[in-house]
Amino acid sequence: MHPMEGVARLAEWAGPDLAYNLDFIPEDRLNWKPSPDSKSALECAAEAAFFMKSMIPVLAGAEWTRADHAPPTKQAIQETLRTVGKEYADALRAVPSERLGEVVSMPFGELPLGQVAAFPVIDVIHHRGQVCYLQSMLGDTENHFLTG
């Protein structure tokens, strides 16, 4: 088994799950922010999707460049989330094990690829939590968890 298999499986779940949870934010509240400096549900989801997408080339050995994460539409972000999780998982599985200790340069520091490779998955799960919290602020107290 590839050493990143667990992270790959989480990527395959996390992207579609965040897309699923966007369906529980009312359409007229997708851009709502609890304060002017906070992010809306759509901004959280877009940021997560495009960070994961921007990390795929890093796994293949390229330098990181920031991908655009301006939230176009809910449907476009959901489609990206549904596909990028699988793409990211495939990219993780393609990384040779011996490269996982290779130090890569990121805007937040120089870190081993094996550690950096988990960050986009953590980020999607983090933003899922933010979207779920916004759901609860809007009165939805049910836990929406994609299981299939």
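Here is what the cut-offs are and how they apply
Residues numbered from 1 in each chain as written. Predicted model: local features only at pLDDT ≥ 70, side-chain atom pairs only at ≥ 80, totals over all residues. Heavy atoms only, no water. Helix = DSSP H or I, 4+ residues; strand = E, 2+ residues; numbered from the N terminus. Rg over C-alpha atoms; globule rule 2.2 N^0.38 Å. Buried < 20%, exposed > 50% of the residue type's maximum accessible area, 1.4 Å probe, protein only. Contact = heavy atoms within 4.5 Å. Areas by Shrake-Rupley, 256 points an atom, 1.4 Å probe, with all protein chains shown as cover. Lys, Arg positive; Asp, Glu negative; His and termini not counted. Charge placed at Lys NZ, Arg CZ, Asp CG, Glu CD. Phe/Tyr/Trp six-rings, centres within 6.5 Å; stacked < 30°, edge-to-face > 60°. Disulfide = S-S within 2.5 Å. Pairing = 2+ DSSP bridges.

With that settled, the discussion passes to the overall build of the protein chain. A tally of regular secondary structure across the protein chain gives five helices and two strands. Counting from the amino terminus, the protein chain carries its helices and strands in the arrangement α-α-α-β-β-α-α. Here the protein chain has a C-alpha radius of gyration of 16 Å; the compact-globule value for 148 residues is 15 Å, and the two agree. The dimensions of the protein chain, computed from C-alpha atoms along their principal axes, are 50 × 35 × 20 Å. Sorting the 148 residues of the protein chain into buried and exposed places 43% on the buried side. Restricting to contacts in the protein chain with at least 6 residues of sequence separation, those with at least 24 account for 74%. Surface exposure of the protein chain reaches about 7,500 Å², of which carbon and sulfur atoms provide 56%. Positive and negative side-chain charges in the protein chain, numbering 12 and 20 respectively, have mean positions lying 2 Å apart.

Let's shift gears to the packing of aromatic side chains. Summed over the entire model, instances satisfying the criterion amount to three aromatic pairs. Here the aromatic rings of Trp13 and Phe145 are separated by 5.2 Å at their centres, their planes lie at 40°, and the arrangement is tilted. Highlighted residues: Trp13 in helix H1 (residues 5-22) and Phe145 in the segment after helix H5 (119-137), separated in sequence by 132 residues. Overall, the relative accessible area of 22% leaves Trp13 in the partly exposed class.

So, about the environment of Val116. Examined against the element boundaries, Val116 turns out to sit in helix H4 (residues 113-116). Between the alpha carbons of Val116 and Val58 there is a distance of 9.3 Å; along the sequence they are 58 residues apart. Beyond its immediate sequence surroundings of up to four residues, Val116 is in contact with Met55, Tyr88, Val104, Met106 and Leu111.

Attention now goes to the state of the cysteines. Two cysteines form a disulfide when their sulfur atoms are joined by a covalent bond. Under the defined criterion, the tally for this structure stands at zero disulfides. We note that Cys44 lacks a disulfide partner, and the nearest cysteine sulfur, in Cys132, lies 11 Å from it.

A one-sided burial pattern is seen for strand E1 (residues 103-106), the buried positions being Val104 and Met106 and the unburied ones Val103 and Ser105. In terms of strand pairing, E1 meets strand E2 (residues 109-112) through four bridges, oriented antiparallel. If you follow Val103 over to E2, its bridge partner there is Pro112. Where E1 folds back onto E2 in an antiparallel hairpin, the turn is made up of two residues.

Right, let's talk about the environment of Asp28 for a bit. Inspection of the secondary structure assignment puts Asp28 in the loop between H1 and helix H2 (41-59). C-alpha separation for the pair Asp28 and Ala49, spaced 21 residues apart in sequence, amounts to 21 Å.

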